[in-house]
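Overview (structure and organization)
Chain residues, written in single-letter form:
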Amino acid sequence: MRTHENEVPKLLEIQKESFAEDLKRYKDQDSNPVNEPMERLLRKTQVFLHYTIWLNGEIIGGIDIRDLNNNRYRLNRIFLSNNQQNKGYGTRIMELIESEFPLAKEWSLDTPHLNTRNHHFYEKLGYKKINEHQVTDTLTLFDYVKKLE
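Just so it is clear, the model here is predicted, and its values are computed rather than measured.

A closer look at the sheet that holds strand S1 (residues 49–55)
Read from one edge of the open sheet, six strands run S1-S2-S3-S4-S6-S5, paired in mixed fashion. Each end of this open sheet is capped by a strand with a single partner; those strands are S1 and strand S5 (128–134). Put simply, the sheet's adjacent strands are angled 25 degrees from each other on average, direction ignored. Both S1 and strand S2 (residues 58–69) contribute to a ladder of seven bridges, which runs antiparallel.

Pasting the structure below:
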């Protein structure tokens, strides 16, 4: 379900929790979602395709998608509360998101180089690593793409 303004504080709380380990590992103060101000997240929910993930009436995460035009989309961010990870929800959510965009020809995303769990997750869903780019001295992101045509 599309994110509503009143959900942003809870989403920011979960986002900070979800990306705290990455901040410790990569020390990417400027780019890590932990440091995103409330106003910026609110703006993203208004400008981009932002969804709130609910389970049993509780917010457990969020998804930020960018429409790149020509039926191409970028999964800018997906995050789940730490206590909801490793339960199969991520796979189900990705399947639901892809089904919401039946005309999509391509999905892209990036994920940190040391996060092998994410690499396995996205590769299991059909994403292929196509490139990598350095963000800081300690953080390199792997670029993934999934072509559907």
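Details of unusual backbone geometry
With a phi close to 55 degrees, Lys 27 is a non-glycine residue in the positive phi region. In this fold, Lys 27 is placed in the loop between helix H1 (8–26) and helix H2 (38–47). Even without being a glycine, Asn 71 presents a positive backbone phi close to 60 degrees. In this structure, Asn 71 sits in the loop between S2 and strand S3 (72–80). We classify Asn 71 as partly exposed; its relative accessible area is 27%.

Considering the nonpolar core
Core analysis: the largest hydrophobic core is formed by 23 residues, its most contacted members being Ile 63, Ile 65 and Phe 101. No other element matches the four residues that S3 contributes to this core. Sequence-distant contacts of Phe 101, that is, excluding residues within four places in its chain, are made with Leu 49, Tyr 51, Ile 65, Tyr 73 and Trp 107. The next biggest cluster of nonpolar side chains, apart from the first, holds ten residues, and it includes Leu 11, Ile 14, Leu 23 and Ile 59.

Here we look at the environment of Thr 52
Within the fold, Thr 52 resides in strand S1. When the C-alpha atoms of Thr 52 and His 4 are compared, they prove to be 8.1 Å apart, with 48 residues separating the residues in sequence. Other than its neighbours up to four places away in sequence, Thr 52 contacts Met 1, Arg 2, Thr 3, Glu 7, Leu 11, Ile 59 and Gly 61. Of the polar contacts made by the side chain of Thr 52, one reaches the side chain of Glu 7; its length is 2.6 Å.

Here we look at the pairing of S3
Burial analysis of S3 places seven of its nine residues in the buried class, which makes it a mostly covered element. Of the strand pairs in this sheet, S2 and S3 are connected by eight bridges, and their pairing is antiparallel. Pairing of Gly 62 across the sheet is with Phe 79, part of S3. Between the end of S2 and the start of S3, which pair antiparallel, lie two residues, with Asn 70 showing a positive phi angle near 55 degrees. Pairing of S3 with strand S4 (residues 106–112) involves three bridges; the strand directions are parallel. When the sheet's bridge partners are listed, Arg 74 is paired in S4 with Ser 108.

The rules behind each value
Residues numbered from 1 in each chain as written. Predicted model: local features only at pLDDT ≥ 70, side-chain atom pairs only at ≥ 80, totals over all residues. Heavy atoms only, no water. Pairing = 2+ DSSP bridges. Helix = DSSP H or I, 4+ residues; strand = E, 2+ residues; numbered from the N terminus. Axes fitted to C-alpha atoms, helices over the stretch in contact; angles between N-to-C directions. Buried < 20%, exposed > 50% of the residue type's maximum accessible area, 1.4 Å probe, protein only. Core = buried A, V, L, I, M, F, W, Y, C linked by side-chain atoms within 4.5 Å. Contact = heavy atoms within 4.5 Å. Polar contact = N/O pair within 3.5 Å; in protein donor to acceptor, adjacent residues only side chain to side chain.

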